[in-house]
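# Per-entry structural report
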Amino acid sequence: MKKLFALLLTLAMVLSLAACGGKKEEAPAQSGGESEVIKEVNLWATGSDNVREIFETLTEKFNASQDTYEVKLNFMLSGTGTQTMVDMIVAAQKAGQTNTDYDLVDFSGDDWSKIIALVGEEAFHKIDASEIPNAASVEAKCAVSPEYSQPYRGTTVILAYNADKVDNVPTTYEELKTWIKEHPGRFAYNTPGTGGAGDSFVRTSVYNFIDDEAAMTSADAKWAEQWDEGFALLEELHPYMYQSGGSIVYPNKNQGTLDLLAQGEIDMCPNWADMVLSQRAAGSIPDSIKITTIQPSFTGSVQSLSIPTIGSNPEGAKAFIDYMLSEEAQSLLVTQMAAIPLVDTANMDMTGYEDLQTLDVSNFRILSIGDLSTTFNERWDNEIATLG
Amino acid sequence: MSKEKKRMAFGYALVMPAFLVVMLVVAWPIVTAVQKSFTDPETGGFTFDNYLYFFTDPNQLKNIFFTMFVCFATVAIAIVVAYLLALYLRFVKSPVARLIGNLYLIPRFVPSLVAVYAMITIIRDSGLINRISLLFGADVKLGMMYHASGMITMNLWFNIPFAALMITAGLGAIPDSIIEGARDVGATKWKTFTSMILPLSYKDVVVASTFVFMSNVGSFTTPYLMGGNAPKMLGIALFDQFNKYLRYERAAALSVIMFLICSVSAAVYIYTNLKEKDWEH
């Protein structure tokens, strides 16, 4: 008798396990009538925790400011999910789903290029400036399919330096190279693959040697053959990098180099404008840390919102996009995450973030080499990291 | 059904949930990983290349030797310090000893990430020690960051309390009567130690060593935040293969290699346990 009971128990457990695995989120069928306005707008976003915080604030304020729509934030912390947001939307699209809750999606420049390559721009609603009054003053555009996405903030890698130590701030890559060689051990960039700032430094160092503009946005393996000159330069700079314990060190993560800069162990490093400025405003790095841009510049991109055609509430989505370009929302983006605003800042309080006004979004250099980045990082790890 | 059989069935039912979970989330992934490690990423056929890569590429070989060095150094220092600490706690009866006995486990309760950052702020070239030295006109740069010495120091923070806990338990099991007996027949302190205490606690030392060794072979947080670019600990080399280069077959092969390294230590552990059983009978 007990044996039978035990068997049933195990069976029940196995089944419950299986049930857990099989239960998938069902796309809520939005069943509003034809003329009825659908209240709920589902916003999908991914990124670090500061992105979650800003979106929580913005959706809350938007929901409180009007009664027609209610934006619900669906946030995925980057690096924790097995599926990326791009994968999820591509999967839903290819499975032929309609009326899903992918009403509005937040994409980085890289992800936007990726999804357009995978499903094409017809998977998104065209964004008509006439429907979004606040977009009229925004000049920034996405690099690909600009009519199908609405940029709302910019982000870029800059050169961060300690103004107490650096007198002649480099303005070009050539000058930076000279500065590095004249000040051994005072410059660092983070290991490529552990943070976008290091990625941007090494990639622009290599791609500055390639004349063809097309290389910057191509994942074609043929460009890898033209990397040699750039890698030779990185090798040439290697002995002048930051040292610890008697050997050259490239710290992991953007924060790794920023910590060295804040502690005074180095005087200069490439980093994200928003990381430097928000940490400076918070007081965790000293005021002597300044930012500057060089020519040819490091890379940057615009973050944008898009409306998938498989979503159910394009009208609500547009209303939220319009709000994101309002002065209130843009000010919050500046003060909470040091994002580069895309609207006129004349009436905004930019105290502590004046540097942002010097960054021109329309001149951002986009570098998106897709799967080639894996080959690139592996070559760096094998050729540069091992120089010792 | 006899009473005996019913009891057995009930026993199996109790074990079954844990058994199934282990099969599902441990055994099955191991089988697929081993399979993957012998797979050619291009053709899908059988190959030894994924393994050959780690034993022929000079950088990867350095990674393996570096990891061995860090692990053995950690084990050696951690066990010696932990043993001395355990001896002190077992045989010295004073308020100070009691206080240390209560305090030495605290590092186990500090989240590892917090501990690593705390260590970094102290030992880095611009850290606490450097700043104190500046007050006295010296500019002490330890150079421990991004260096094996920093990682070993961090490992000691995690492993000494753990090893001391195991060895203290072992020493606690040695009855006072044995030691008093040895002293009564005229043995010196050193003789008592070498012929009584050491042999009786030897098993705990071996067990503690194997655990310390295994927990360091695959460590990630410490080498990721404190290690240099090359050579790397295997945990980081694995992360590179899997997350950066997306070479899943090589990642599987390296996992198997790390598993084999650990299993040598596991074999020592099992052997010691079995020997103990013989001795008891």
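Quick caveat: nothing in here was measured; it's all calculated off a predicted structure.

Parameters and conventions
- Residues numbered from 1 in each chain as written.
- Chains lettered and ligands numbered in written order.
- Predicted model: local features only at pLDDT ≥ 70, side-chain atom pairs only at ≥ 80, totals over all residues.
- Heavy atoms only, no water.
- Helix = DSSP H or I, 4+ residues; strand = E, 2+ residues; numbered from the N terminus.
- Rg over C-alpha atoms; globule rule 2.2 N^0.38 Å.
- Buried < 20%, exposed > 50% of the residue type's maximum accessible area, 1.4 Å probe, protein only.
- Contact = heavy atoms within 4.5 Å.
- Areas by Shrake-Rupley, 256 points an atom, 1.4 Å probe, with all protein chains shown as cover.
- Buried area = accessible area lost by both parts, 1.4 Å probe.
- Polar contact = N/O pair within 3.5 Å; in protein donor to acceptor, adjacent residues only side chain to side chain.
- Salt bridge = Lys/Arg side-chain N within 4 Å of Asp/Glu carboxyl O.
- Core = buried A, V, L, I, M, F, W, Y, C linked by side-chain atoms within 4.5 Å.
- Phe/Tyr/Trp six-rings, centres within 6.5 Å; stacked < 30°, edge-to-face > 60°.
- Lys NZ or Arg CZ within 6 Å of the ring centre and 35° of its normal.
- Domains from an automatic or database assignment.
- Pairing = 2+ DSSP bridges.
- Right-handed = clockwise from strand over helix to strand, strands pointing away.
- Patch = residues over 30% accessible without salt bridge, like charges linked within 9 Å, V, L, I, M, F, W, Y side chains within 5 Å.
- Expected span 1.5 Å × (residues − 1).
- Bend = angle between axes of the 7 residues up to and from the residue.

## Concerning the overall build of chain B
- Per the secondary structure count, chain B includes 13 helices and zero strands.
- Going from the N terminus to the C terminus, chain B shows its helices and strands as α-α-α-α-α-α-α-α-α-α-α-α-α.
- In terms of C-alpha radius of gyration, chain B reaches 24 Å, well past the compact-globule figure of 19 Å for 281 residues.
- By its C-alpha atoms, chain B is 85 × 75 × 30 Å across when sized along the principal axes.
- The 281 residues of chain B split such that 41% are buried.
- Taking the intrachain contacts of chain B between residues at least 6 apart in sequence as the baseline, contacts between residues at least 24 apart amount to 68%.

## Examining the overall build of chain A
- The secondary structure content of chain A amounts to 12 helices and 10 strands.
- In chain A, which comprises 388 residues, the share counted as buried stands at 52%.
- Taking the intrachain contacts of chain A between residues at least 6 apart in sequence as the baseline, contacts between residues at least 24 apart amount to 77%.
- Split by element, the accessible area of chain A, about 17500 Å² in all, is 49% carbon and sulfur.

## What about the interface of chain A and chain B?
- At the junction of the two partners, chain A supplies 32 residues and chain B supplies 26 residues.
- Between chain A and chain B the total buried area reaches about 2700 Å² when both faces are included, carbon and sulfur atoms providing 57% of it.
- Linking chain A to chain B there are 10 residue pairs in polar contact (both at pLDDT 80 or more).
- Listing elements by their share of the side of chain A that touches chain B, those giving two or more residues are helix H1 (2-22), strand E5 (243-244), helix H8 (254-262) and helix H12 (372-383) of chain A.

## Let's talk about the pattern of salt bridges
- With the rule as written, the count across this model stands at 23 salt bridges over all chains.
- Note that Glu315(A) is salt-bridged to Lys318(A), the shortest N-O span being 4.0 Å. Taken as a pair, Glu315(A) and Lys318(A) lie in helix H10 (residues 314-324) at a separation of three residues, close to a single helical turn.
- What makes Lys318(A) buried here is its relative accessible area of 10%.
- Where Arg247(B) meets Glu378(A), a salt bridge forms, and the shortest distance between an N and an O atom there is 3.0 Å.

## Quick word on the nonpolar core
- If you look at the biggest cluster of nonpolar residues, it comprises 140 residues, and the most contacted ones within it are Phe107(A), Ile115(A), Phe124(A) and Met226(B).
- Apart from residues lying up to four places away in sequence, Phe124(A) is in contact with Phe107(A), Trp112(A), Ile115(A), Ile116(A), Val119(A), Tyr148(A), Ser306(A), Ile307(A), Pro308(A) and Thr309(A).
- Core analysis: the second largest hydrophobic core is formed by 37 residues, Tyr173(A), Val206(A), Leu233(A) and Leu367(A) among them.

## What about the packing of aromatic side chains?
Residue and element names in this part refer to chain A.
- Overall, the coordinates contain 33 aromatic pairs over all chains when judged by the stated rule.
- Ring geometry for Tyr-189 versus Tyr-250: centroids 4.8 Å apart, planes at 55°, classification tilted. Linking Tyr-189 in the loop between helix H5 (173-182) and helix H6 (196-207) with Tyr-250 in the loop between strand E6 (247-248) and H8, this pair joins segments that are 61 residues apart in sequence.
- One aromatic cluster is present, formed by Tyr-173, Phe-187, Tyr-189, Phe-201, Tyr-250, Phe-298 and Trp-380 through successive ring pairs.
- Lying over the aromatic face of Phe-376, Arg-203 brings its terminal NZ or CZ to 5.9 Å of the ring centre.
- Over the face of the ring belonging to Phe-231 we find Arg-379, whose NZ or CZ atom lies 4.3 Å from the ring centre.

## What about the domain arrangement of chain A?
Residue and element names in this part refer to chain A.
- The assigned domain composition of chain A is domain 1 (40-154 + 301-358) and domain 2 (155-300 + 367-387).
- Taking only C-alpha atoms into account, the centre of domain 1 sits 28 Å from that of domain 2.
- Taken together, the contacts link 12 residues of domain 1 with 11 residues of domain 2.
- Buried area between domain 1 and domain 2, summed over both chains or domains, comes out near 990 Å², and the portion from carbon and sulfur atoms is 53%.

## Here's the deal with the pairing of strand E1 (residues 40-47) of chain A
Residues and elements named next belong to chain A.
- Most of E1 sits out of view: six of its eight residues are buried.
- Examined bridge by bridge, E1 and strand E2 (residues 70-77) share eight bridges and lie parallel to one another. Each residue of the ladder has a partner; that of Val-41, found in E2, is Val-71.
- Handedness of the crossover joining E1 and E2 through helix H2 (residues 49-65) is recorded here as right-handed.
- Relative to strand E3 (residues 104-107), E1 runs parallel, the two being bridged by two bridges.

## Observations regarding a nonpolar patch on the surface
All names here are of chain B.
- There is a patch of nonpolar side chains on the surface, built from Val-21, Val-22, Leu-24, Val-25, Val-26, Ile-30, Val-34, Phe-259 and Leu-260 and spanning about 750 Å² of accessible area.
- Looking at the nonpolar patch, the elements with two or more residues in it are helix H1 (3-37) and helix H13 (248-280).
- Counting residues per element, the nonpolar patch draws most heavily on H1, which supplies seven residues.
- For Ile-30, the location among the structural elements is in helix H1.
- By relative accessible area, which is 37% here, Ile-30 ends up partly exposed.

## Notes on the side chain of Arg250(B)
- Tracing the sequence through the fold places Arg250(B) in helix H13.
- For Arg250(B), the residues in contact, after removing those within four places along its chain, are Glu378(A), Asn50(B), Tyr53(B), Phe54(B) and Gln241(B).

## Examining helix H8 (residues 148-172) of chain B
- Between its first and last C-alpha, H8(B) extends 34 Å over 25 residues, near the 36 Å set by a 1.5 Å rise per residue.
- Along H8(B), the largest kink reaches about 35° and is centred on Asn159(B); proline Pro161(B) follows within four residues of it.

## Some remarks on the environment of Gly370(A)
Residue and element names in this part refer to chain A.
- Within the secondary structure, Gly-370 sits in the loop between strand E10 (340-341) and H12.
- A relative accessible area of 42% places Gly-370 in the partly exposed class.
- Between the C-alpha atom of Gly-370 and that of Thr-191, which follows or precedes it by 179 residues, the distance is 18 Å.

## Re unusual backbone geometry
- Cis geometry is found at the peptide bond from Gln295(A) to Pro296(A), where omega equals -10°.
- Summarising the element assignment, Pro296(A) is placed in the loop between strand E8 (289-292) and strand E9 (300-306).
- Looking along the chain, the bond that leaves Ala230(B) and enters Pro231(B) is cis, with omega of -5°.
- Along the polypeptide, Pro231(B) turns up in the loop between helix H11 (221-226) and helix H12 (234-244).
- Phi is positive for Leu246(B), close to 55°, though the residue is something other than glycine.

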